[in-house]
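What follows is each chain in one-letter form.
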Amino acid sequence: MKHKKERTGKMATSSKVVRYKNTHNEYRQPYIYGNTVCQPEVLPKRRNVAQQRKPVRVSARVRRNRNRATAMNKTYVSFLITAAVCVVVAFTFYLKLQTDVIKKAETVTAMQRELENITEQNNTDYHAVYENVDLQKIRDKAINEMGMVYASDGNVIEYEGPAQSLVKQYSTIPEDGILAKSKHVVD
């Protein structure tokens, strides 16, 4: 490849810019000698294409139509006011619903905490009572002092429960507590 040295651009006094052209007439990146950089060449300002055009004369009818199209009449203003009021009302309603949801969520959270506390207290009390109950002592007292006995086959009467959960009592329970006896029970 053959290279030619070519100087371009404005140079400061203590620097030297060298550009190299290769055989295809393409410039390589310049190498700058010295401690200052080339000052760029200032290009003339371009005129804006829109500024170069002359204003087109517009007829009076076209100007009137443009003014009508951009003007706001009473109907349009009332529509805008109504739309703005509707937006404000909807936004207020939304905010009210949002605050209600937040309050209910806080109430639910407080009730859940209260339920946890009550459940924990209930479990603690249940275990305390259960640990203090002596089942052997209760059995001895029931059999020895109150005369209770274990049920035999004839003492147990099985029946189907009513379909409803309510049972009505139409007569009093006898003193001996026996409403009916099985035929197989011997006294």
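Residues numbered from 1 in each chain as written. Predicted model: local features only at pLDDT ≥ 70, side-chain atom pairs only at ≥ 80, totals over all residues. Heavy atoms only, no water.

Trainee: What am I meant to see in the overall build of the protein chain here?
Mentor: When helices and strands are counted, the protein chain shows 4 helices and 3 strands. Counting across all 187 residues of the protein chain, residues that qualify as buried make up 4%. Long-range pairs, those at least 24 residues apart, make up 15% of the contacts in the protein chain with a sequence separation of at least 6. Summed over all atoms, the accessible surface of the protein chain reaches about 19000 Å², with 56% contributed by carbon and sulfur. (Helix = DSSP H or I, 4+ residues; strand = E, 2+ residues; numbered from the N terminus. Buried < 20%, exposed > 50% of the residue type's maximum accessible area, 1.4 Å probe, protein only. Contact = heavy atoms within 4.5 Å. Areas by Shrake-Rupley, 256 points an atom, 1.4 Å probe, with all protein chains shown as cover.)

Trainee: Is there a simple way to think about the packing of aromatic side chains in this case?
Mentor: Aromatic rings considered in pairs are described by the distance between their centres and by the relative angle of their planes. This model, assessed by the stated rule, comprises 1 aromatic pair. Between Tyr126 and Tyr130, the aromatic rings sit 6.0 Å apart at their centres with planes inclined by 20 degrees, giving stacked as the arrangement. On the criterion of helical spacing, the pair formed by Tyr126 and Tyr130 is a turn pair, its members being 4 residues apart in helix H3 (residues 74-132). Here the two residues Tyr126 and Tyr130 agree in accessibility, since each one is exposed. (Phe/Tyr/Trp six-rings, centres within 6.5 Å; stacked < 30°, edge-to-face > 60°.)

Trainee: Explain the confidence of the model for the protein chain here, please?
Mentor: Close inspection of predicted coordinates is inappropriate for parts of the model with low pLDDT. On average, residues of the protein chain carry a pLDDT of 76, and 61% of them reach 70 or more. Ranking the elements of the protein chain by mean pLDDT puts strand S1 (residues 4-6) last, at 47, and H3 first, at 94. Across residues 1-13 the pLDDT falls below 50, and counting only partners more than four positions away or on other chains, this stretch makes 31 contacts in the model. (pLDDT = per-residue confidence, 0-100.)

Trainee: Mind showing me how you'd approach the pattern of salt bridges here?
Mentor: Side-chain pairing between opposite charges can occur once the charged atoms of the two side chains come close. For the structure on display, the rule yields 2 salt bridges. Among the salt bridges present, the one from Lys96 reaches Asp100, with a minimum N-O distance of 3.3 Å. Of this pair, Lys96 and Asp100 both sit in helix H3, 4 residues apart, which is roughly one turn of that helix. Across the salt bridge formed by Arg139 and Asp140, the nearest N and O atoms sit 3.9 Å from each other. Looking at Asp140, the relative accessible area reads 33%, which means it is partly exposed. (Salt bridge = Lys/Arg side-chain N within 4 Å of Asp/Glu carboxyl O.)

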